[in-house]
Amino acid sequence: MARNKAFEPEERLEKAKCLFWQKGYNATSMQDLVDTMGLNRGSIYDTYGDKHSLFLQCLRSYTEGMFEDYRKVAEETKSPIKAVEKIIKKAAIRTVEEERTCMGVKSTFELGSVDEEVHALLKQNTSNLTALLKDLLKKAQKAEEISNKRDPAMLANFIVSNFTGFWQTFLVYGDGELVQQQAEFLIKSIKK
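No experiment lies behind these values; they were computed from the predicted model shown.

## Examining the overall build of the protein
Right, so step 1: The helix and strand inventory of the protein stands at 9 helices and 0 strands.
Right, so step 2: Ordered by position from N to C terminus, the α and β elements of the protein give α-α-α-α-α-α-α-α-α.
Right, so step 3: Relative to its 192 residues, the protein shows a buried fraction of 43%.
Right, so step 4: For the protein, restricting intrachain contacts to residue pairs at least 6 apart in sequence, the fraction spanning at least 24 positions comes to 69%.
Right, so step 5: Just so you have it, the protein exposes about 10,800 Å², and 50% of that area is on carbon and sulfur atoms.
Right, so step 6: Between the mean site of the 29 positive side-chain charges and the mean site of the 28 negative ones, the protein shows a separation of 5 Å.

Rendered as structure tokens:
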């Protein structure tokens with residue numbers, strides 16, 4: 001008969017996610033994970049697999065959570081262009097409030113070109129967000145909120161690319177006001 005776990009796996013996964021987010025994959029040792037998660041190596045391996053499997057679970061949890069936040073904004077906002085604006089502002093505000101670079105962006109630069117599984121996960125997340133924004137921008141065109149001369153696919157890609165710029169700006173300058181100004185400028189550029 002299988003034993004019940006004496007810990008909550010999702011709670012410990014959250015601790016690992018925060019550690020990977022702070023230190024990155026390569027700088028995080030198994031001992032760091034043992035110490036942070038409060039579990040022995042055997043429990044980590046039995047529950048989550050090896051370090052790489054654990055990292056993928058953490059990264060998936062992070063990207064799915066962010067996308068769900070953006071999807072809810074789109075679902076709850078009547079005006080398509082207002083939904084796009086809220087998503088942009090949410091990305092900017094999240095950057096400042098979390099006071100650190102997006103885990104997805106950090107992982108992209110650390111592992112995106114050398115780890116196929118990380119690359120695939122991040123590519124899927126970016127594609128999902130781009131598709132959400134593209135759909136909203138098409139709806140905004142139909143509602144005559146933005147010009148029909150604008151290419152919704154290009155605008156969606158442009159917005160997502162700018163999110164990376166928010167995180168880079170905050171990381172380099174630590175200036176939340178500048179990030180907010182960039183978000184406002186991005187919104188204005190979409191409406192032209």
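## With respect to the layout of surface pockets
Right, so step 1: For the largest pocket, the calculated volume is near 470 Å³.
Right, so step 2: In this structure, the largest pocket is lined by 23 residues; those nearest its centre are Thr108, Leu122, Asn125, Thr126 and Val160.
Right, so step 3: In terms of residue class, the lining of the largest pocket is made up of 12 nonpolar, 10 polar and 1 charged.

## Topic: a nonpolar patch on the surface
Right, so step 1: A cluster of nonpolar side chains, Leu171, Val172 and Tyr173, forms an exposed patch at the surface whose accessible area comes to about 380 Å².
Right, so step 2: By the secondary structure assignment, leucine 171 is in helix α8 (residues 152-173).
Right, so step 3: What makes leucine 171 exposed here is its relative accessible area of 62%.

## A short note on the UniProt feature "DNA-binding region" (unreviewed entry) in the protein
Right, so step 1: Under the local residue numbering, the UniProt record ascribes the feature "DNA-binding region" (unreviewed entry) to residues 29-48.
Right, so step 2: Helix makes up 80% of residues 29-48 and strand 0%, whereas the separation of the span's terminal C-alpha atoms amounts to 15 Å.

## Structural notes on the pattern of salt bridges
Right, so step 1: According to the stated counting rule, one finds 10 salt bridges in the structure shown.
Right, so step 2: As a salt-bridge pair, glutamate 14 and lysine 17 come within 3.1 Å of each other at their nearest N and O atoms. Of the two residues, glutamate 14 and lysine 17 both sit in helix α1 (residues 9-23), 3 residues apart, roughly one turn of that helix.
Right, so step 3: Note that arginine 71 and glutamate 68 form a salt bridge whose closest N and O atoms lie 2.4 Å from each other. Remark: glutamate 68 and arginine 71 occur in helix α4 (residues 51-76); sequence separation between them is 3 residues, near one turn of the helix.
Right, so step 4: On the accessibility criterion, arginine 71 (26% relative accessible area) is partly exposed.
Right, so step 5: Salt bridges sharing partners connect three or more residues here, namely Glu68, Arg71 and Glu75.

## Points about helix α5 (residues 80-98)
Right, so step 1: Under the 1.5 Å per step criterion, the end-to-end length of α5 is 27 Å for 19 residues, consistent within 8% with the ideal 27 Å.
Right, so step 2: Three or more residues of α5 are buried, namely Pro80, Ile81, Ala83, Val84, Glu85, Ile87, Ile88, Ala91, Ala92, Arg94 and Thr95.
Right, so step 3: Tucked into the core, α5 has its buried residues touching α4, α7 (116-142), α8 and α9 (176-191).
Right, so step 4: Following α5 by one or two positions, glutamate 99 has its phi on the positive side, about 50 degrees.

## Re the packing of aromatic side chains
Right, so step 1: The full count for this structure, using the stated rule, is 7 aromatic pairs.
Right, so step 2: Here phenylalanine 20 and tyrosine 25 contribute two aromatic rings whose centre-to-centre distance is 6.1 Å and whose plane-to-plane angle is 20 degrees, an arrangement assigned as stacked. With respect to burial, phenylalanine 20 and tyrosine 25 carry one shared label: buried.
Right, so step 3: Joined through ring pairs, the aromatic side chains of Tyr70, Phe163, Phe166 and Trp167 make up one cluster.

Rules used throughout
- Residues numbered from 1 in each chain as written.
- Predicted model: local features only at pLDDT ≥ 70, side-chain atom pairs only at ≥ 80, totals over all residues.
- Heavy atoms only, no water.
- Helix = DSSP H or I, 4+ residues; strand = E, 2+ residues; numbered from the N terminus.
- Buried < 20%, exposed > 50% of the residue type's maximum accessible area, 1.4 Å probe, protein only.
- Contact = heavy atoms within 4.5 Å.
- Areas by Shrake-Rupley, 256 points an atom, 1.4 Å probe, with all protein chains shown as cover.
- Lys, Arg positive; Asp, Glu negative; His and termini not counted.
- Charge placed at Lys NZ, Arg CZ, Asp CG, Glu CD.
- 1 Å grid on protein atoms, 1.4 Å probe; cavity = no way out; pocket = protein on both sides within 12 Å on 5 of 7 lines; lining within 4 Å.
- Points joined across faces, edges and corners; volume = space filled by probe spheres on them.
- Nonpolar A, V, L, I, M, F, W, Y, C, P; charged D, E, K, R; others polar.
- Patch = residues over 30% accessible without salt bridge, like charges linked within 9 Å, V, L, I, M, F, W, Y side chains within 5 Å.
- Salt bridge = Lys/Arg side-chain N within 4 Å of Asp/Glu carboxyl O.
- UniProt positions renumbered as here; feature names shortened; annotations may be inferred.
- Expected span 1.5 Å × (residues − 1).
- Phe/Tyr/Trp six-rings, centres within 6.5 Å; stacked < 30°, edge-to-face > 60°.

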